[in-house]
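Here is how the chains run, residue by residue.
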Amino acid sequence: MKFIKTILMGLILIITTLWGAFAVYFGDSHTGIVQTCVSVVFGLCGLAALISLGFPRWRKRILPGYAFLFAAILTWWLFISPSNERQWQPDVAKLAYATFDGDRVTVHNIRNFDYRSEFDYQPAYYNKTYDLNKLEGVDLIAVYWMGSAIAHTILSFNFGGNEHLAVSIEARKELGEGYSTIKGFFKQYELIYIVADERDVIRLRTNYRKNPPEEAYLYRIQGSQQSARRLFLEYMKKINELNVEPVFYKTLLDNCTTAIWFNTRINPEHLPFSWKVLLSGYVPEYLYESKRLDSRIPFSELQKQAHINSRAQAADQSSDFSMRIRVAIKQP
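What counts and what doesn't
Residues numbered from 1 in each chain as written. Predicted model: local features only at pLDDT ≥ 70, side-chain atom pairs only at ≥ 80, totals over all residues. Heavy atoms only, no water. Helix = DSSP H or I, 4+ residues; strand = E, 2+ residues; numbered from the N terminus. Buried < 20%, exposed > 50% of the residue type's maximum accessible area, 1.4 Å probe, protein only. Contact = heavy atoms within 4.5 Å. Disulfide = S-S within 2.5 Å. Phe/Tyr/Trp six-rings, centres within 6.5 Å; stacked < 30°, edge-to-face > 60°. Lys NZ or Arg CZ within 6 Å of the ring centre and 35° of its normal. Polar contact = N/O pair within 3.5 Å; in protein donor to acceptor, adjacent residues only side chain to side chain. Core = buried A, V, L, I, M, F, W, Y, C linked by side-chain atoms within 4.5 Å. Salt bridge = Lys/Arg side-chain N within 4 Å of Asp/Glu carboxyl O. Expected span 1.5 Å × (residues − 1).

Participant: What's the story with the overall build of the protein in this structure? I'm lost.
Facilitator: If you tally the helices and strands in the protein, you get 12 helices and 10 strands. Expressed along its principal axes, the backbone C-alpha trace of the protein runs to roughly 75 × 45 × 40 Å. By residue count, 48% of the 332 residues in the protein fall in the buried class. For the protein, restricting intrachain contacts to residue pairs at least 6 apart in sequence, the fraction spanning at least 24 positions comes to 66%.

Participant: Quick question: what am I supposed to make of the state of the cysteines here?
Facilitator: In this structure the tally under the stated criterion is zero disulfides. Left without a disulfide partner, cysteine 45 is nearest to the cysteine sulfur of cysteine 37, which lies 13 Å away.

Participant: Help me out: how do you make sense of the packing of aromatic side chains in this one?
Facilitator: Geometry of an aromatic ring pair is reported as the spacing of the ring centres plus the angle between the planes. Under the definition given, this model contains 28 aromatic pairs. The interplanar angle of 70° and the centroid separation of 5.2 Å between the aromatic rings of tryptophan 261 and phenylalanine 262 together place this pair among those described as edge-to-face. Following the ring pairs from residue to residue traces out a cluster consisting of Trp19, Phe22, Tyr25, Phe26, Phe70, Trp77 and Phe186. Geometry around tyrosine 130 places lysine 128 over its ring, the cationic atom sitting 5.9 Å from the centre.

Participant: Got a minute to help me understand the environment of glutamate 170 in this structure?
Facilitator: Residue position: glutamate 170 is located in strand E8 (residues 164–172). The class for glutamate 170 is buried, based on a relative accessible area of 13%. Spatially, the C-alpha atoms of glutamate 170 and alanine 124 are 19 Å apart, while their sequence positions differ by 46 residues. Setting aside residues up to four positions removed in sequence, glutamate 170 forms contacts with His152, Glu190, Leu191, Ile192, Ile194, Arg205 and Tyr249. Reaching out from glutamate 170, the side chain makes a polar contact with the side chain of serine 168 at a distance of 2.6 Å. There is a polar contact of 3.0 Å between the side chain of glutamate 170 and the side chain of arginine 205.

Participant: How should I be thinking about the nonpolar core in this particular structure?
Facilitator: For soluble globular proteins, nonpolar side chains are generally found buried alongside one another. Val107, Phe157, Tyr193, Val195, Phe232, Tyr235 and Met236 are the most contacted members of the largest nonpolar core, which totals 48 residues. No other element matches helix H6 (residues 225–244), which puts seven residues into this core. Grouped together as the second largest cluster of nonpolar side chains are 20 residues, Ile141, Val143, Ala312 and Ile325 included.

Participant: Can you help me understand the pattern of salt bridges in this one?
Facilitator: Under the defined criterion, the tally for this structure stands at 17 salt bridges. A salt bridge links aspartate 28 to arginine 86; the nearest nitrogen and oxygen atoms lie 3.8 Å apart. Taken together, the residues span a long stretch of sequence, with aspartate 28 in the loop between helix H1 (2–26) and helix H2 (33–52) and arginine 86 in the loop between helix H3 (56–78) and strand E1 (97–101) at a distance of 58 residues. For aspartate 28, a relative accessible area of 40% gives the class partly exposed. Measuring nitrogen to oxygen at the nearest pair gives 2.9 Å for the salt bridge that ties arginine 111 to aspartate 200.

Participant: Would you explain the side chain of serine 83 in this entry?
Facilitator: Here serine 83 is to be found in the loop between H3 and E1. Judged by relative accessible area, serine 83 falls into the buried class, the value being 19%. In terms of polar contacts, serine 83 uses its side chain to reach the backbone amide nitrogen of glutamate 85, at 2.9 Å. Beyond its immediate stretch of four places on either side in the chain, serine 83 contacts Trp88, Glu190 and Pro246.

Participant: So what exactly am I meant to see when it comes to H1 here?
Facilitator: Owing to its 3.6 residues per turn, the α-helix aligns residues three or four sequence positions apart on the same side. Taking 1.5 Å of rise per residue, the 25 residues of H1 would be expected to cover 36 Å, and the 36 Å separating its terminal C-alpha atoms lies within 8% of that figure. Within H1, the full set of buried residues consists of Gly10, Leu13, Thr16, Thr17, Gly20, Ala21, Ala23, Val24 and Phe26. Looking at the buried positions of H1, the neighbouring elements they touch are H2 and H3. Within two residues after H1, glycine 27 carries a phi angle of roughly 60°, on the positive side.

Laid out in structure tokens, this is it:
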């Protein structure tokens, strides 16, 4: 029993030491020399506490000090707050917002960049008014770049014809900052809903990202017009809230896919949570199994129809881009 207790205490020390060292190292947005030194010192304290488990006399002296240091770091970390006032990268510099007039919703700052390469682009935004009575449904775009288990998921609201409004939920990065899954656990990114023209947010991934290349699949979700309407309004509510009260992006709990699932809970018939939501690459398969995608054909065939890279590359800057990437996708 004593041995098991020591093992459990050792595991707790390892986990809290790693967490505390990373939390201090990353800090509030940027890493400095002082943070690095404090992170190393705390890591050494954790190591000393771990070793002390084998020496009862040391343990009584070292563990209380370690516990105090960890409590101080945890308290400091809990008080780190998200902000909309940082030096943002140009592609996430502007937040979208919506205004309402009955069934008409005007979306402001819809991103529509003109790309020459992934990092060479001309920023551009526009405003557009959408009639909720014309909302026909919702499409899911799943983008893969590192195997079948992980995908970036985007929802696109279909207002008929070539009128589609895409929303990509992402980590809002500062100038010179890259994306890191680990940093997403430590309050390093704010959350942003990028509201964009499909020629921007889809074409960027199919036509311009080469290292690594990304493969995009577009699926038409089966559901009622009322469900699509409620979901769209929930999205608009969320983007307005983020303008007033920013929140942190969370690698596991508030990311591009889990946020979609949380938003869909506005509908009574929303899907139950599944491990396939966490392993986002399997979301299309989960929707298919739940009869939310066209089930008249096998999923493998549906997936082939959904692959849009070649069609997006052919459409490129065409004004009917949204229609052209959907030509092979059957109406559910």
